[in-house]
Amino acid sequence: MSAPAPPTPAPGAISEFFWSGARRGQLMIQRCQACGTYIHLPRPVCRACHSFDLLGEPVSGRGSLYSFTETHRPFHPFFVDRVPYLVAVVELEEQAGLRVLTNLVRVAEADVRIGMAVQVEFERLSDDLTIPVFAPAVAA
Amino acid sequence: MTSLRKVAIAGVGYSQVGRHTGLSERHHAAQAAVAALGDAGLDAADIDGATTWGGDATDFAWMLGMGPLRWHLNVGVSPAFITPAIHAAMAVATGQCDVCIAFRIMMQQPSAAQIASGAATLASPSMEDAGMMYPFGDFSPTQWAGLLTNRYLHDSDATEEHFARFAVVQREHAVRNEEALQRTPLTVEDYLAAPYISKPVRLLDCDLPCDSGSAVIFTTEERARDLRQKPVLVEASALSSIRDMNFELLDDMTHTSPAHCAQVLWSRTSLKPGDVDCAQLYDGFSVITFQWLEALGLCDPGAAGPFIAEGNTRLGGSLPVNTDGGACNVGRRHGANFCIEATRQLRGTCGVRQVDGAEVAVWANAVGPFSGAMLLTAG
């Protein structure tokens, strides 16, 4: 019996740049080309200025932890062997309130602190799917 | 536009609520409607307005011999039963109809085990947005509840023990409610021994999945005075939406839609938080009730945990909360139980769990991106 496949993003969605970026090892966030506002999740219009000129741009991958939860029950076959795992919300340094839903890795739940500095890295789940996850930032 | 008419709740009813009842959506709607009509002392032919979340209002009305309807509306994804309730009250207030029935019919959701085995999948309102969450293993409302609860623990005075006390108090109330599905007394130790679903959210922080049908009949105050029950009057109501449905990306997970909704609600009445005799506040997850207590000004900001631990929310306390036991114990009636319990408290018919002299009650639904609340008074 083959291992369960990971859940995949919606095909053809405007978030395609996010996933192709992750496969290249880049965190890409949609940005308004008119006013510079970052937008996440991707949308067809800028909520600040109503421009439709939006593109995915690479960001630093640095941020801070806004909140987290350690999931103990699998809600999908792919995650049966992965529980418990950390679901997290990270605020990226590029813009106040710019948050991404992600996973927190290489840290024990007991050591997680809201506000801690985190840095993106990439985890390959299948040939087609790589996800941007975050780990505690290493002091420079 | 003519002036608005004062609206009253004239009848309330439940179906045979339970886990895996084997009954259809129509069956639950029919049972709840028959119960509500009987409670009000109304005939099906008196109903000239209908709204529902779950199923179809026109289908239920025809099945029950109601109508012809002068007003009807099917409600989509929204903050639980408060949405059909407010729509029904507005339809009566504006004269679109005179006697309006509002339903929430909800069938039991698949279990985590069914989902993990691939036997069932979770529905999502937007597959495009869900596609940005699922690859990270974020599927279930229990997970955004975990994010909100951890952030709330960080931002407030609450502790894990306060959440335990909340569950214990809710169960104390359920013990006094023959309609509750869970009535075995609970201790703090029982709570702390319950498994995590998405830490810090434990099994006992979650409402109980079940099949349920709930119906509430709204009419004019004038009409209600001629009916079977003491009228319960709609003093004010409010809906709020502060962002799209991505709970995970809320700007401020501790001060969410209820904070805005409460502000709107209090702006529509001369009553004050201190006038409230009992509060029926959504508990799909425990943290939601904590947020509503603070948002409505029923306790100090950040102090819902100590407020609960001091016993204020118990029957006999300064502000009894969720006196039917809450959805953790009566089952997931998706907010309708809070409307029905508030109505019964203001009628004074709650027996062993009656709040003495209850004249003002608030009930509130949902959290995060959207919410709604209604203030009721004894007629």
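Predicted model, so just to flag it, every value in this text is computed and none were measured. (Residues numbered from 1 in each chain as written. Chains lettered and ligands numbered in written order. Predicted model: local features only at pLDDT ≥ 70, side-chain atom pairs only at ≥ 80, totals over all residues. Heavy atoms only, no water.)

A few words now on helix α10 (residues 257–267) of chain B. For an α-helix, 3.6 residues make a turn, and residues three or four places apart therefore share a direction. Residues Ser-257, Pro-258, Cys-261, Ala-262, Val-264, Leu-265 and Trp-266 of chain B constitute the buried set of α10 of chain B. If you follow the buried residues of α10 of chain B, they end up packed against β8 (232–241), α11 (286–295), β10 (360–365) and β11 (370–378) of chain B. (Buried < 20%, exposed > 50% of the residue type's maximum accessible area, 1.4 Å probe, protein only. Helix = DSSP H or I, 4+ residues; strand = E, 2+ residues; numbered from the N terminus. Contact = heavy atoms within 4.5 Å.)

What follows is about helix α14 (residues 336–347) of chain B. Residues and elements named next belong to chain B. Across its twelve residues, α14 extends 17 Å between first and last C-alpha, which sits within 8% of the 16 Å expected from 1.5 Å per residue. For α14, the tally of buried residues reaches twelve of twelve residues, placing the bulk of the element in the interior. Among the residues making up α14, those that are buried are Ala-336, Asn-337, Phe-338, Cys-339, Ile-340, Glu-341, Ala-342, Thr-343, Arg-344, Gln-345, Leu-346 and Arg-347. With its phi angle positive at about 80°, Gly-348 sits one or two positions after the end of α14. (Expected span 1.5 Å × (residues − 1).)

Residues and elements named next belong to chain B. Remark: helix α6 (residues 141–155) packs on α11, axes separated minimally by 10 Å, with the N-to-C direction vectors making an angle of 50°. With respect to their mutual orientation, α6 and α11 come out oblique. In terms of crossing hand, the pair formed by α6 and α11 is left-handed. Residues Leu-148, Thr-149 and Tyr-152 of α6 pack against Val-287, Phe-290, Gln-291 and Glu-294 of α11. A breakdown of the residues in the contact of α6 with α11 according to their chemical character gives four nonpolar, two polar and one charged. (Axes fitted to C-alpha atoms, helices over the stretch in contact; angles between N-to-C directions. Parallel < 35°, antiparallel > 145°, perpendicular 65-115°, else oblique. Left-handed = near helix turned anticlockwise from the far one by under 90°. Nonpolar A, V, L, I, M, F, W, Y, C, P; charged D, E, K, R; others polar.)

Glancing now at the pairing of strand β4 (residues 62–71) of chain A. Burial of β4 of chain A is extensive: eight of the ten residues sit out of reach of the surface. Sheet analysis places β4 of chain A next to strand β5 (residues 85–92) of chain A, joined by eight bridges and oriented antiparallel. Within the sheet, the bridge partner assigned to Ser-67 of chain A lies in β5 of chain A and is Val-89 of chain A. Sheet analysis places β4 of chain A next to strand β5 (residues 196–199) of chain B, joined by two bridges and oriented antiparallel. Directly across from Thr-71 of chain A, in β5 of chain B, lies its bridge partner Ser-198 of chain B. (Pairing = 2+ DSSP bridges.)

The next point concerns the domain arrangement of chain A. Residues and elements named next belong to chain A. What the domain assignment reports for chain A is domain 1 (13–59) and domain 2 (60–140). The C-alpha-based centres of domain 1 and domain 2 are spaced at 20 Å. Between domain 1 and domain 2, the residue contacts involve 13 residues of the former and 16 residues of the latter. Of the roughly 1200 Å² buried between domain 1 and domain 2, counting both surfaces, carbon and sulfur atoms make up 73%. For the domain 1 face of the interface with domain 2, the top three residues by lost area are Leu-27, Tyr-38 and Val-59, together amounting to 43%. Inspection of the region where domain 1 meets domain 2 yields zero salt bridges. The tally of links between domain 1 and domain 2 comes to three residue pairs in polar contact (both at pLDDT 80 or more). Of the residues forming the side of domain 1 that touches domain 2, the biggest block, four residues, is contributed by helix α1 (residues 16–24). Looking at the side of domain 1 that touches domain 2, its residues break down into seven nonpolar, five polar and one charged. (Domains from an automatic or database assignment. Buried area = accessible area lost by both parts, 1.4 Å probe. Salt bridge = Lys/Arg side-chain N within 4 Å of Asp/Glu carboxyl O. Polar contact = N/O pair within 3.5 Å; in protein donor to acceptor, adjacent residues only side chain to side chain.)

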